[in-house]
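Listed below are the residues making up each chain.
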Amino acid sequence: MMSDTSSQGGKEDSESSLEKVLERKEELEKIRDKSPVISFLWKAGGPNEEEEWPVEYVSGNVELLGYTADDFLSGDVFYADIVHPDDLHSLRKSLTEQCNEGADFFDHKYRIILKSGEVRWVNERTYVLRDKTGKVAHYQGTIFDITEQKEKERTLQEALKKKQLLEEIINNSSIMVFLWRNEQFWPADYASDNVSKLGYPVEDFVEGRIMYSDLIHPDDYEMVKNTLAEQCDSGSDYYDKEYRLITRDNKTLWVSEKTFILRDRAGNVTHFQGIVQDITKEKENEIALRQSLKKQDELLERKQALEIIINHSPVVAFLWKAEPEDENELWPVEFVSDNINQFGYSVEEFLSGEILYGDIVNPHDLPYIQIELSDVVKEGGKVFVKEYRIRTKSGDERWVEEQTFIQRNDDGVATHYMGVIQDITERKETV
């Protein structure tokens, strides 16, 4: 038989072991409650019930969500109450499907709403506990905040989406993007896909089978090389130039290059980040316009020279508008040379419509001129020549010879008379 002393000693050892276990449990709970991982024991609903997940146990650090353990344990708050409404249905569906498939573990990411109303992302990792019949009785798991991770993922996805969108925009535009190394002939570390319009795939540039300098027109190469070197030596961080490229099929393209000059901390140029835009159409239009303006300048010079000659000659130039026969207006003037002043009239008097050409023709000669001109026009003639009298502004009478070309539209209808008159009074008086 054991002595009372031995019995007493065994009891004390047992109590001491229990105290150590309780102390260790308290230490573990303190560690857990100071961690970001929140522990839950949820009760599973019946087969015909919508899962609300009443809480039978929750760790003290549930206060990270703004709630107390009593909020859940008292039944005032179900776990489903804090799941974001937009995620609740999919969470229930996923959990039900996995349980029906016999799964013992559940891992899901979704949003919850803190007591403050703030939305946070969590990762739930839960074990499915079943009774002896295999029916789901409880869920024992943890949740921890992954909001920062989700934000980083979202930021990365947005950045990738923007990058893809930017590349799509670039590749569907006239802009080609390059990253050249500051080495001889400008080898490329990067080229946008649409460099294929030059006849070469991206890989030819990036792998060094073709150098960008190989494409520059021979007549422009030295200019491009020297001006870029000047910008680098001056400490500038920008380069802007227009020049020509030769494509693989020997087609000439005009391009506008806008490049950022990249330097290391010591100020040494390392790379050129460039945007090359095809401006061939614009440049061809510009060249055509410049040539057109040059021709116009030449024509203007010739016109001015011709006007000087005419205005210093006895010949007065006119452009008359051809009016229908039933109109009363007789030859309104759209142009007359300055030397009309030899007859006392000013250019403005005719151009303003104050005086019609028919107004200065001798009334006795006017009907004959009208008839003869009308006959020439009706017969399809191109030239009208006639001698008749006109009156000067002072009232003097002068003989003139008119030589006129008849201008017609596409339908053959006379629209204008372009001609000259010359004073032949002296010749007439000597006859």
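Residues numbered from 1 in each chain as written. Predicted model: local features only at pLDDT ≥ 70, side-chain atom pairs only at ≥ 80, totals over all residues. Heavy atoms only, no water.

(A) Inspection of unusual backbone geometry at higher detail. Unusually for a residue other than glycine, F185 sits at a positive phi of about 75 degrees. With respect to the helices, strands and loops of the structure, F185 is situated in the loop between strand 6 (175–181) and strand 7 (188–191). The exposure class assigned to F185 is partly exposed, which follows from its relative accessible area of 38%. (Helix = DSSP H or I, 4+ residues; strand = E, 2+ residues; numbered from the N terminus. Buried < 20%, exposed > 50% of the residue type's maximum accessible area, 1.4 Å probe, protein only.)

(B) Region of the structure containing the sheet that holds strand 5 (residues 136–145). Pairing is antiparallel in the open sheet, where five strands are placed in the order 2-1-5-4-3. On the outer flanks of this sheet lie strand 2 (55–58) and strand 3 (105–113), each paired with one strand and no other. When the angles between neighbouring strand axes are averaged without regard to direction, this sheet yields 25 degrees. Here strand 1 (residues 38–43) pairs with strand 5 via six bridges, running antiparallel. Looking at strand 5, one finds that S39 is bridged to T142. Packed onto the sheet, helix 4 (residues 85–100) meets strand 3, strand 4 (119–130) and strand 5 and runs at close to 170 degrees relative to strand 3. (Pairing = 2+ DSSP bridges. Axes fitted to C-alpha atoms, helices over the stretch in contact; angles between N-to-C directions. Contact = heavy atoms within 4.5 Å.)

(C) Quick peek at the sheet that holds strand 7. Read across the open sheet, the five strands follow the order 7-6-10-9-8; overall the sheet is antiparallel. Two strands close off the open sheet at either side, each with one partner strand: strand 7 and strand 8 (238–246). When the angles between neighbouring strand axes are averaged without regard to direction, this sheet yields 25 degrees. Each of strand 8, strand 9 (252–263) and strand 10 (269–278) touches helix 7 (residues 218–233); the most contacted strand, strand 8, lies at about 165 degrees to it.

(D) Representation of helix 7. Taking 1.5 Å of rise per residue, the 16 residues of helix 7 would be expected to cover 22 Å, and the 24 Å separating its terminal C-alpha atoms lies within 8% of that figure. Among the structural elements, strand 8, strand 9 and strand 10 are those in contact with the buried residues of helix 7. G235 lies just past helix 7 and shows a positive phi near 85 degrees. (Expected span 1.5 Å × (residues − 1).)

(E) Structural detail: the nonpolar core. Counting residues in each nonpolar core, the largest one holds 30 residues, and the members touching the most others are F318, W331, I340, Y357 and I421. With near-sequence residues (within four places) excluded, Y357 lies in contact with F318, W320, L330, W331, V333, F350, Y388, I390, E402 and I421. Of all hydrophobic cores here, the second largest spans 29 residues; its members include W42, W53, V55 and V58. (Core = buried A, V, L, I, M, F, W, Y, C linked by side-chain atoms within 4.5 Å.)

(F) Expanded view of the pairing of strand 8. Examined bridge by bridge, strand 8 and strand 9 share nine bridges and lie antiparallel to one another. Paired with E242 across the two strands is S256, which belongs to strand 9. In this structure, the hairpin formed by strand 8 and strand 9 is closed by a connection of five residues, where N250 is found at a positive phi of approximately 70 degrees.

(G) Molecular detail of the pattern of salt bridges. For the coordinates displayed, the defined rule picks out 26 salt bridges. Note that K150 and E153 form a salt bridge whose closest N and O atoms lie 3.9 Å from each other. Taken together, the residues K150 and E153, both in helix 5 (residues 147–171) and three residues apart, mark about one turn of the helix. Given the relative accessible area of 21%, K150 is considered partly exposed. Take E153: its relative accessible area is 31%, and that puts it in the partly exposed class. Between R290 and E286 there is a salt bridge; the shortest N-O distance is 2.6 Å. Of this pair, R290 and E286 both sit in helix 8 (residues 280–311), four residues apart, roughly one helical turn. We classify R290 as partly exposed; its relative accessible area is 46%. Connected via shared salt-bridge partners are E242, K283, E286 and R290. (Salt bridge = Lys/Arg side-chain N within 4 Å of Asp/Glu carboxyl O.)

(H) Region of the structure containing helix 4. When the terminal C-alpha atoms of helix 4 are compared, their 23 Å separation across 16 residues agrees well with the 22 Å that a helix rising 1.5 Å per residue should span. When we look at burial in helix 4, the residues that qualify are D87, L88, L91, R92, S94, L95 and C99. Remark: G102 follows helix 4 within two positions and exhibits a positive phi of approximately 90 degrees.

(I) Layout of the packing of aromatic side chains. The full count for this structure, using the stated rule, is 20 aromatic pairs. Every member of this aromatic cluster is reached through a ring pair, and the members are F40, W42, W53, Y67, F72 and Y79. Taking the ring centre of W121 as reference, the NZ or CZ of K150 above it sits at 4.4 Å. The ring of W254 carries the charged tip of K283 above its face, separated from the ring centre by 4.9 Å. (Phe/Tyr/Trp six-rings, centres within 6.5 Å; stacked < 30°, edge-to-face > 60°. Lys NZ or Arg CZ within 6 Å of the ring centre and 35° of its normal.)

(J) Examining the environment of E372 more closely. For E372, the position within the fold is in helix 11 (residues 366–378). Each C-alpha atom of the pair E372 and K386 lies 8.8 Å from the other, and the pair is 14 residues apart in sequence. Residues in contact with E372, not counting those within four places in the same chain, are F384 and K386. Here the side chain of E372 touches K386 through a polar contact of 2.6 Å, side chain to side chain. (Polar contact = N/O pair within 3.5 Å; in protein donor to acceptor, adjacent residues only side chain to side chain.)

(K) Layout of the confidence of the model for the chain. The predicted model of the chain averages 86 in pLDDT, with 84% of residues at 70 or higher. By mean pLDDT, the top-scoring element of the chain is helix 7 (95), and the lowest-scoring one is helix 1 (residues 4–33) (56). (pLDDT = per-residue confidence, 0-100.)

(L) Local environment of a nonpolar patch on the surface. On the surface, V383, V385, F405 and M418 cluster together to form a nonpolar patch covering roughly 370 Å² of accessible area. Topologically, V383 is positioned in strand 13 (residues 383–391). For V383, a relative accessible area of 43% gives the class partly exposed. (Patch = residues over 30% accessible without salt bridge, like charges linked within 9 Å, V, L, I, M, F, W, Y side chains within 5 Å. Areas by Shrake-Rupley, 256 points an atom, 1.4 Å probe, with all protein chains shown as cover.)

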